[in-house]
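Here's the letter readout for the chains.
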Amino acid sequence: MKRILLSLSTFLFVLLVSAFSSVAVAQTGTLTGTVTDQSTGEELTGATVLITQLERGAATGIDGSYTIENIPVGDYNVRFSFVGFRTINQSVTISQGENVLDVEMSLDAAGLDEIVVSGYSAIPQRELTGSMTTVRGRNVQGLDIASPDQALQGRVSGARVTNLSGQPGGSTYVRVRGIGSINAGNAPLYIVDGVPISSVDQSSTLGSGNASNPLNAINPRDIQSIEVLKDAAASAIYGAQAANGVILITTRRGSAGNTQFNLTSSYGVAEELNRLEVIKGPEWVELQYEAFENYNSFFGANLNAAGFIGGWTLDDVQNGEVPHYNWQDAMMRTGTTQKYNLSASGGDDQTRFFISGGYNNTEGVAITTDMQRMNLRANIDHRANDKLSFDLNLATTVTEQNGALQEGFFLGSPFFMAQFIRPTNPIYNEDGTYATEEVFNYNPLAANELDDRNSTQKQLVGNAGAIYNITSNLNFRTNWGLDYRTVEDIDYRAPESPAGESLGGYRFDANRTVTNFTTNQVVNYYDTFSEVHSVRALGGFEYRQETRETFSASGQGFPSGLFRTLQNAAEPLSVTGFGSEYRQASFFSRVQYDYDDTYLTNVSVRYDGNSRFGEDKRWGLFYAGSLGWRASNMSFMDFSNDWLEDLKFRISYGITGNSAISNFASRQLFTSGGAYNNAPALTPSGLGNNLLTWEESGTINLGLDWAIFESRVYGAIDVYSRENSKLLLDRDLPSDSGFGSLTENAGRVQNQGIEIEIGAVVLDRAGFVWTSEVNMSWQRNELLELNEGADRLGNLFVGRPLTEYYMYEYAGVNPADGRPMFYDRNGNITYTPSTASERENDDRQFVGDTQPSSFGGWFNQLNYRGFQLDFLFQGSFGQASYNSFTGSFTDGAFFRRAGLIANSRNRWTEPGQITSVEKAYVNSSWPGRTGGFTTSTRFLENASYIRLKNVNFAYTLPVAVSQQIGVRSARFTLQATNLLTWTAYNGIDPEIVGTNNAIYPQARTLTAGIEIGF
Amino acid sequence: MKKSNILKLLFIVAATVAFMACDDLIQVEPQQSVGAEVATQSSTGILAVYNRGYRVQMFSGYWGLRMVMAGDVLADNGVSNPANSGRWTGEPINALGSGVGGWGRYSGINDLNTVIKHAPTVDGFSDSERSRILGETLALRALAYHDLVKVYGYEPNKIVDGWDRGVILRTEPTETIDAADFRSRASVTAVYEQIEADLLQSIDLLTQTDGNAPFYMNRAAAHALLARVYLYWERWDDAIEHATFAINQSPVTVASPGDVGPAMYAAEPNPESLFELKFTSSESLGVNIALSSALTPNVWLDVLPSDELLATLEPGDVRNSLYPLTEENYESVIGTQNEGLRYVAKYEATVATHTDNVPVIRISEVYLTRAEAYAERGNAGDDVLANNDLNQIRTNRGLAANVDLTNLVEEILLERRRELAFEGHRWQDLKRKGWDIVKPDATGPSPTLIYGDNIQFLSPLPNGEVSLNENLEQNPGY
C-alpha cells in the first residue's frame, strides 16, 4: 500500500508541476445573449452556455441573459443546454468587443442529449447500449422523502422499492431485477459521487426494519440525478459488486454566475394510514366468557373466566360497568414534519460551488418516535488552468432517531400492544400514574414513555479529486473518497418502567463505526476520427477498504429514571467489542466505439480481488459486451425522418459478481465461544473452504429505445434474463460432525423480466404543458439448482421461486362444530395437517410469492403559467403477505386473554354457520387438533395495491411579482404522500415485503411548503 | 525526454507496482477469531476450547433448561399453568416431538474432542494441568454422551423390540471436510462402554485436591457420574462401588433439615453439589428461555408442580418450602389468575437476572443411587444397607426413618422423585425402570404412557439429520 501511495503521489506531483506551466495572452471579446423557452417565450434561468473548445461557460441569470468575457477572438462552438430542453450547438465567431447570440430552446422530454453518469465517466444518453434508468433531480428534489432511495419508488422500471418502516429515517428495500441470491446480499451497490457507500446495516437498537439508512447522508434536495444500472453492460465496470445492480447518485454542482440562494421550508402532518378495529371492553368480556364456556363444556371443567380476565363478570356487562380504554389512541398520535433547507450556488470561470444545509425534524405517528437530521454539503470545483482542475464534495450528516421501544410481537411494541392489551385494562391509575397491565405486568405506554431507544448516526461522505487533461482527448482523474459513519445506539430502560423494573434500570450503549475508504485512478480517452469514428476508452485501478468496529457496554441498577448514563449504573454487565475488515483491489477498463452514431459497441472488463474469498479463488474476471444499432439513422428509414427521432436496438451480455458475504466466510477459524466462570472460550466457527468465491451473475439484455415527434414521445423496452450461479450455499453436514453446514459455491437462480418505460409531452398548448411517464415491469424468478443432489433447501425448492410461501391450505371452519379445517396434500379435509421433510408427505403447499409479478408507476406533471401539479401513482401486483399481525388478534388471541379485533365477531357460534374464524377457546389449539392460528393460508393475503403515492401542487409567483417583493423566485407547495390506496389487503399497509410482523407502518402525510430564491 | 513520455513511463511504473502489490493489498487477518492452527497448537488456545467444553453444557437444549426440567413435565412432576405464555404446552401432553431432545450437543462434543486430541501434546501445560484438563474434559464427554444416549436410546437392559440403537459416536474432532462423514448410530452398549472408558480414564487423571470443585469436573463427581451410568446400565456392583468412592471422596455432605429450602438452591454453589454449572450474567439464557421464567411468577410461570408431586410431600417434609405460594414472594407481579398457586422455587434468578446455577450432580443423588443399587442387587443384608442410604436423605428432610424393608425400590424411587424433582431425573428414572408414566390429572384427558407401547419414551432424531444421512436410523414410530 505504501509503495502505491508513494508512486501515485510522485505521479500527481509531476502532473501538478506540468499543469502550471502554460500561460495564455491574447485579444479577447465578450459573448452575451438571452435564452428563452420556445413554447412559452419565457426567459430560462439557469441554462448552461458553454464554449466547448475552451470549456468555459456561464449560466443564464434570472432574465435569461448570460455573459462570457475575455474570449480570445476566433471561431467557436457554443453549447446551450438545460435540463428538459433539447441541447443547441451553435457556431459563433468571436470578434473583439461584444458579440450577441440569443437562442430559443424547445422541450426535450426524452433527454437524448443529456449526459448520464455511467461509472467512472459520463456519456450522452444517446450513446448508451446498456440498460439504465435515470431519475432527474428536478423531479424528486421537492419530494417529502427522507432519503434518496425513496425517490426511486414508482419511477424506475425493474426496481422494486418498498418503504420497510414508518419509523422516521427508516430504511428502504430496493431490489433491482428480482432476487438472485439466497445467502449473499441482494441490495444494490450505491455510489455517491464516485464513492461507494457501505451497505452495512448499522443500528441494532432500532431493529432490522428500521436500521439506520446509510443514504440518510444525502439530502434529497441535493440530488442532481440518480442512475440505476440494470444490465451487465451498464454495471460490469463495477465487477464483483455489481450483480444486484448499481445505483449512482450524483449531487448538484454550482454553475458560474451570480450566487443564487434557495431557501425552502415546509411543515407537514402525518396520520396513521388506518387502524384495526378493536373489540370494546364489554363485548370483549362477553367473548372471553364464551371461550371459557366452550372450554368447560369440552372438558366438563368449571373454570371461571372472571379469575383470568381481571374479575369482570357478565353482570358487570349487563350493568354497564365494564369500561373500555382506547390503547390505540394512547400509543399513536399525529406526526409532524418540519424541513428547512438553504443552498447557495454560483461561482465564476474558475471556481464554482454548491453549498447546502438542511434540517429535518420529523415526529412519527407512534409515540416517542422521531428523527432529527442536519445535513451540510459543499461541492466545490476549481479550474487551476486549462489542464488541471480539482473538485471536492463533502457531506456531513447527523441523524438522531428515537424508535419505539420494540417492534414486532413484543410487549414493548406499540404497534402490537395497541391491539393486544385488554380493552378493560386501564391506561392510567386515578392518581395519574401508569396502571398495571394485568397479564404481564407490563404497561406498554409506560415502557415507551419512560425508556429510550435511540440511535444517532454521524456520517461523512466525501471525495476529493483532480482531473489533469493530458491532451484535449486524454485525461487522468484521481479520486479519493471516504464514507465514514458512526452510529451510537442507546437502549435505556428506566428502573420505574416495566421493562427495566426487574433489572433496577438498564442501559446498553453501542458505538459502531464503518470506515470505508476508496480511491481510484482513471485514465479517460475520447476522440472522433474522420467525423464518424468515435472512441471512448477508460482504464483504471481502484482500491477499497472497509473497516467495521463496534464496541458496546451495558449496566444495570439505576437510582431512578433521572439517572441515565452508564456511569450511574450500579452494576456493569458486559463489555464487548468487534472488529472486521475487508479489502478489494480492482483493475478495470471500458472501450466504446461508435460508428457514425449508428453502430455502437461497448466492452467493459474488471479484474477484482477480494480478501473475503478463499485463498485459491481470490481474483476474478468480470466483463460485458454490448452492441447498439441506431436504425433511425439508416437511409432506408428516411421515410420516417419527419416524425422518428430515434430508434435504437441494444443487446448486451455480461458477467458480474456478488461479493456481499461475511468477511471471513472462507476461513477455518476459532471464534469466541462465550466464557465459562469468566474464563474466555473458543470454538471453531466452521470448516474452512479455500475454494469459496463470489457469486456470478450472467445477464443477457435486449433493448429498444425510441423517440418520436421531436422527442416528445419516447420510450424503452428491455427484456432480460439473468442467471445467478455459483450461489453461496450451505451444504448440510451431519450435525454430529460438530458443524451444521459448509458454505460452498453451488446452485443457480434465474430472474427474467420485461420492462417498459414510456414518456410523453401529452399536451403542450397555450402555455399548458402536461408531461407523463409510465413504467411497468414484469418479473419472474426460479431456483434452478441447489447443492449437488439437493432439490430442496429448507422451504426453497428447485423449480420454484425463491420467495414463495410454503404453508398449509386453510379450509375454513367446520360448519358443524366450529373446528378449523385444513387441506392435506391430497386435497382432503384434515384437522391435523402435518409437515414432513419429504415433499410427498407434507401437507404444506406452494401458496404465494412475496415478490410481485409486476409493478410500475405513472408520473404526471401539469404546468400552467405558474401552477404545477405533480402526481405519482405506484403499484405492485401479485405479491402475497402473511398477515399474522391481523391474525394474532382474531382467535389466536383468546388463549392469552388478550385484545381482539372486529374479525373475532365472525367466529363460529352455531351449527351451520359458514365462516373462517374458529370457535372461541381459551387455548391456541384444542387437544388433538391443529388450531386455526397455525400458519396457513387463512392469513395469507394478496397484497397487490395501487397507491396515489405522491401529489404535489405548486404555484410559482410570476417573475415580475417576485422581483417586486425583492426575491428572485417564490414558490408555494402543497404535498400529500400515500394519499389514496386501492388494495384488498387487510393489514395496515400493503407496502410490505413478506410477513406482516407488527412493524411500524407508514403514514399518510400532508405538507405545505415555500421555496424562495434570491 | 518529452514530458508526455515521462508521464507515460510513470503511469506504467505506477500500474506495475500496484499490480504486484495487490495480493498483499487484499490480505486481511481477522480480529475476532484466530486460525485453527493457533487455537489447537497452543496451550492458551486449548485452554479456551476447554472452557468452551463447560460453556456448551449450559445451552438451553442441555443443562441450561431442557435437561433440567423437560423430563419432569414429560413425566408427572410438572403441569402446564392454564395461564401460560404458550410455551411448555407440548410436553405436558407428550405431544410428538416434544421430547427432551439435545441432538445439537455434538457441536460441544466436537469441542471436547478437540481438547482430548490436542491437550496431551500441546506445549505449555504442566503435567498436572495437562492431566486435569484432559480428565475433566473426558468426564464432560461422558456426561454429554450419557445425556444423549439416555434421551435417544433405551437402556442396555431395557431394550424394547430389539431396538438397541444408541447414538453416533465421535471421539475425534472434525478438522477437515472429509471427516464430516455420514455415520450410523452405535449400539447403546457400545455407547455405554465408551462412557465407561472415558470416566475410568478421567478418574485416573483427576484428583480431588485441585480445588476446582464443584464448578469444574472433579474426581468425586466423575465417580458419581459413573455410578449414575452403572445404575442406568443395571450393573449394581459397579454402581455401589463408584457411589461409595464418590461418597468417601466427596467434599460435601447431605444438607441437614434446617438448610434445605430455596436458600440452598440460591447458594453458590449449592452446598450439596458435586458438580454444578456456574452461570454468570453473560451466560444468561434470557427472559424467554430461562428456567426462572418458566418456573416462577416473575416471568411466565408456564409450568407448575403437579398436585401429585406436592402430595408426595408429607407435612413435616422440609422440601415443602421449595414449593411456596406465588403471592408469598411475587405478590406485586402476579395477576389474579396466578394467585394461590404453588411454584418451583429451585431456580429463582438468584445469580443474576434470568440466571441460575444448575447443579448437575448432588451428593443426595449419589446416596439414592447406592440405595437403589443395593436394593436391586438383593444380596443378603443389602436391604439394610439400601435402607440406611435412603434414611440418609429422609432423616435430613424432616421425615422419620423408614423401617419397612419391603418395596424398597419403589420407596427409593419415590424419594428420588421428591428429592430430585426439576433436576433432570424423573423422566429418566421412570424410563430406565421400564415403568409406565401416569400423567397428572391437571394435564387433562391424557392417557398413561405405556413403556414399550408409547413411542414418546425415545425422543425423535431431528428429521433433517435423518434425511441428510442415509446411515442414520430414526427411532421407531417417528
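Quick caveat: nothing in here was measured; it's all calculated off a predicted structure.

Undergrad: In this structure, what is going on with the domain arrangement of chain A? I would like to understand it.
TA: Interface extent is often summarised as the accessible area lost during association of the parts. All names here are of chain A. Along its sequence, chain A is organised into domain 1 (2–106) and domain 2 (148–272 + 333–675 + 694–808 + 844–884 + 942–1013). In this structure, domain 1 and domain 2 have C-alpha centres spaced 35 Å apart. Listed as interface residues are 17 residues of domain 1 and, on the opposing side, 19 residues of domain 2. Among the elements that line the side of domain 1 that touches domain 2, the one with the most residues is helix α1 (residues 2–19), at five residues. Along the lines of polarity and charge, the residues of the side of domain 1 that touches domain 2 split into nine nonpolar, six polar and two charged.

Undergrad: Could you clarify how one ought to interpret the interface of chain A and chain B in this entry?
TA: Across the boundary between the two partners, chain A contributes 71 residues, which contact 70 residues of chain B. The set of elements that each furnish at least two residues to the side of chain A that touches chain B consists of α1, β26 (533–556), β27 (571–595), β28 (599–610), β31 (669–676) and β32 (679–684) of chain A. With ten residues, β27(A) is the largest single contributor of residues to the side of chain A that touches chain B. Here the residues of the side of chain A that touches chain B sort into 34 nonpolar, 29 polar and eight charged. Taken together, the three bridges between β31(A) and strand β1 (residues 33–35) of chain B define a ladder with antiparallel strand orientation. Opposite Phe670(A), over in β1(B), you have Val34(B) as the bridge partner.

Undergrad: I tried to follow the pairing of strand β51 (residues 969–983) of chain A on my own but got confused; where do I start?
TA: Regular strands have side chains that alternate between both faces of the sheet. Residue and element names in this part refer to chain A. Pairing analysis gives eleven bridges linking strand β50 (residues 945–956) to β51, with the strands arranged antiparallel. Within β51, the residue paired with asparagine 950 across the bridge is threonine 977. The pairing of β51 with strand β52 (residues 1003–1013) spans nine bridges and is classified as antiparallel. Residue pairing for β52: serine 969 is matched across the bridge by glycine 1013.

Undergrad: I'm lost on the packing of helix α6 (residues 127–152) of chain B against helix α7 (residues 188–205) of chain B in this one. Help?
TA: When two helices pack together, their arrangement is captured by the angle between the axes and the distance separating the axes. All names here are of chain B. Interaxial distance between α6 and α7 falls to 8 Å at its minimum, and their mutual angle equals 155°. If you check the angle between α6 and α7, you find them roughly antiparallel. When you trace α6 past α7, the crossing you get is left-handed. Here Ser131, Leu134, Gly135, Leu138, Ala139, Arg141, Ala142, Tyr145, His146 and Val149 of α6 come into contact with α7, specifically with Val188, Val191, Tyr192, Gln194, Ile195, Asp198, Leu199, Gln201, Ser202 and Leu205. A breakdown of the residues in the contact of α6 with α7 according to their chemical character gives twelve nonpolar, six polar and two charged.

Cut-offs and rules
Residues numbered from 1 in each chain as written. Chains lettered and ligands numbered in written order. Predicted model: local features only at pLDDT ≥ 70, side-chain atom pairs only at ≥ 80, totals over all residues. Domains from an automatic or database assignment. Contact = placed C-beta atoms within 7 Å. Helix = DSSP H or I, 4+ residues; strand = E, 2+ residues; numbered from the N terminus. Nonpolar A, V, L, I, M, F, W, Y, C, P; charged D, E, K, R; others polar. Pairing = 2+ DSSP bridges. Axes fitted to C-alpha atoms, helices over the stretch in contact; angles between N-to-C directions. Parallel < 35°, antiparallel > 145°, perpendicular 65-115°, else oblique. Left-handed = near helix turned anticlockwise from the far one by under 90°.

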